[in-house]
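# Descriptive structure summary
Each chain, written out:
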Amino acid sequence: MAAKYPGQVNFVSENFGASKLAERFGVKGYPAVFVNDVLVASPRDFGYFGEKEGSGRYAPWRDAANQAKFRADLTRMIDLILAGHKDVVSREHAGDSGSLRAVASLPHLTLRDLDGKPIAAEDLSGRVVLVEFWATWCIPCRSTLQWLGELKQKYGKRLAILALAVESPEAQVRTTAASMSGDLDWAITDAATAQAFGDITAVPTLFLFDATGRTERVLYGAPPGLHDEVTQILEKLMQR
């Protein structure tokens, strides 16, 4: 898009958690799109994994027609701002929010692992629980999953790790799981689970719950400091 406006528009990509604009607008997920300092598309606009009809403006995102609609809308927003009509763009998006529904505690689970065994929140009681939403097509997810295997080896039964795949062919999920740590609980996410966690809009997304099931932290993406941050949180949780 920026290439259509040489010398007038610059494209800037910011990691989640390191964006002052995202912090200012209360954006709790990604992707989010800003034109200057106007939030023109929030994570919910692109829908959540498992969504069939799509209630977001551009959902389901994999539909070519929705991608074309987004490009057209974004072009219009850029044109308006370049023409000096930022006020129009701001009014149109005044009610937009980047916030996702907060998850206060570990949701009720109805999933089965890759061996067909039920995964129930009750079975995780008394342990710190880490839930990672990932996809076979997500390159950063693979290194994150390898690291999660190392965490499981370190903390053993005190830590439960659920690796929940989204929008990924079962055969590929099984291949990935077979090449990783067998100590993780591997499963394929359904729509109900995605919604129970507050709508999963991007991967990787990591939820960390304490031994009582209370949400300790939600982390989006794979920023450079992810491993250190989670490790520090886990050390504190294990001492409670």
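See the structure printed just above.
The following paragraphs examine the structure supplied in this document.

### Thoughts on the packing of aromatic side chains
All told, the structure shown has nine aromatic pairs when counted by the stated rule. Relative to phenylalanine 197, the ring of phenylalanine 133 lies with its centre 5.0 Å away and its plane at 75 degrees, an arrangement referred to as edge-to-face. Separated by 64 residues along the polypeptide, phenylalanine 133 in strand β5 (residues 128–134) and phenylalanine 197 in the loop between α6 (191–196) and β8 (205–209) bring together distant segments of the chain. Considering the side-chain rings of phenylalanine 197 and phenylalanine 209, the 6.3 Å spacing of their centres and the 65 degrees angle between planes classify their relative orientation as edge-to-face. Taken together, the positions of phenylalanine 197 in the loop between α6 and β8 and phenylalanine 209 in strand β8 put the pair 12 residues apart, joining distant regions of the chain. No difference in accessibility class separates phenylalanine 197 from phenylalanine 209, as the two residues are buried. What links up through ring pairs into an aromatic cluster is the set Phe133, Phe197, Phe207 and Phe209.

### Comments concerning the state of the cysteines
With the rule as written, the count across this model stands at one disulfide. Residue cysteine 138 pairs covalently with cysteine 141 via a disulfide, S to S 2.4 Å. Residues cysteine 138 and cysteine 141 share a disulfide whose torsion about the S-S bond is about 85 degrees; that sign makes it right-handed. Cysteine 141 shares its class with cysteine 138; the two are buried.

### Looking at the pairing of strand β2 (residues 38–41)
Two strands pair when backbone bridges link them, and strand β1 (residues 33–35) and β2 are joined in this way by three bridges, in the antiparallel orientation. Counted as the bridge partner of valine 35 is valine 38 from β2. The turn linking β1 back onto β2 is made up of two residues, and asparagine 36 within it adopts a positive phi angle of 55 degrees.

### Structural notes on the sheet that holds strand β7 (residues 185–188)
The strand order across the open sheet formed by five strands is β7-β6-β5-β8-β9, and the pairing between neighbours is mixed. Whereas interior strands pair on both sides, the edge strands pair on one side only; in this sheet they are β7 and β9 (215–220). Going across the sheet, the axis of each strand differs from the next one's by a mean of 15 degrees, ignoring polarity. Here β5 pairs with β8 via five bridges, running antiparallel. By the bridge assignment for β8, valine 129 is matched with phenylalanine 209. Packing of helix α4 (residues 139–155) onto the sheet brings it into contact with β5, β6 (159–165), β7 and β8, and relative to β6 it is tilted by some 160 degrees.

### A few points about the nonpolar core
Generally speaking, a soluble globular protein has its nonpolar side chains buried in company with each other. The biggest cluster of nonpolar side chains holds 51 residues, and the ones touching the most others in it are Val131 and Leu151. Those elements that provide at least two residues to this core are β5, α4, β6, α5 (170–179), β7, β8 and α7 (226–238). With seven residues, the single largest contributor to this core is β6. With residues near it in sequence (within four places) discarded, valine 131 still touches Leu106, Leu162, Leu164, Phe197, Thr205, Leu206, Phe207 and Phe209.

### Some details on the pattern of salt bridges
In the structure shown here, the tally under the stated rule is nine salt bridges. Here lysine 154 and glutamate 235 are joined by a salt bridge, their closest N and O atoms 3.1 Å apart. Remark: glutamate 235 occurs in helix α7 and lysine 154 occurs in helix α4; sequence separation between them is 81 residues. On the basis of relative accessible area, glutamate 235 is assigned to the partly exposed category, the value being 31%. We note a salt bridge from glutamate 170 to arginine 174, for which the minimum N-O separation is 3.0 Å. Taken together, the positions of glutamate 170 and arginine 174, both in helix α5 and four residues apart, correspond to about one turn of that helix.

### So, the side chain of threonine 75
Within the secondary structure layout, threonine 75 lies in helix α2 (residues 64–82). The exposure class assigned to threonine 75 is buried, which follows from its relative accessible area of 15%. Setting aside residues no more than four positions away along its own chain, threonine 75 makes contact with Met1, Lys4 and Tyr5.

Cut-offs and rules
- Residues numbered from 1 in each chain as written.
- Predicted model: local features only at pLDDT ≥ 70, side-chain atom pairs only at ≥ 80, totals over all residues.
- Heavy atoms only, no water.
- Phe/Tyr/Trp six-rings, centres within 6.5 Å; stacked < 30°, edge-to-face > 60°.
- Helix = DSSP H or I, 4+ residues; strand = E, 2+ residues; numbered from the N terminus.
- Buried < 20%, exposed > 50% of the residue type's maximum accessible area, 1.4 Å probe, protein only.
- Disulfide = S-S within 2.5 Å.
- Pairing = 2+ DSSP bridges.
- Axes fitted to C-alpha atoms, helices over the stretch in contact; angles between N-to-C directions.
- Contact = heavy atoms within 4.5 Å.
- Core = buried A, V, L, I, M, F, W, Y, C linked by side-chain atoms within 4.5 Å.
- Salt bridge = Lys/Arg side-chain N within 4 Å of Asp/Glu carboxyl O.

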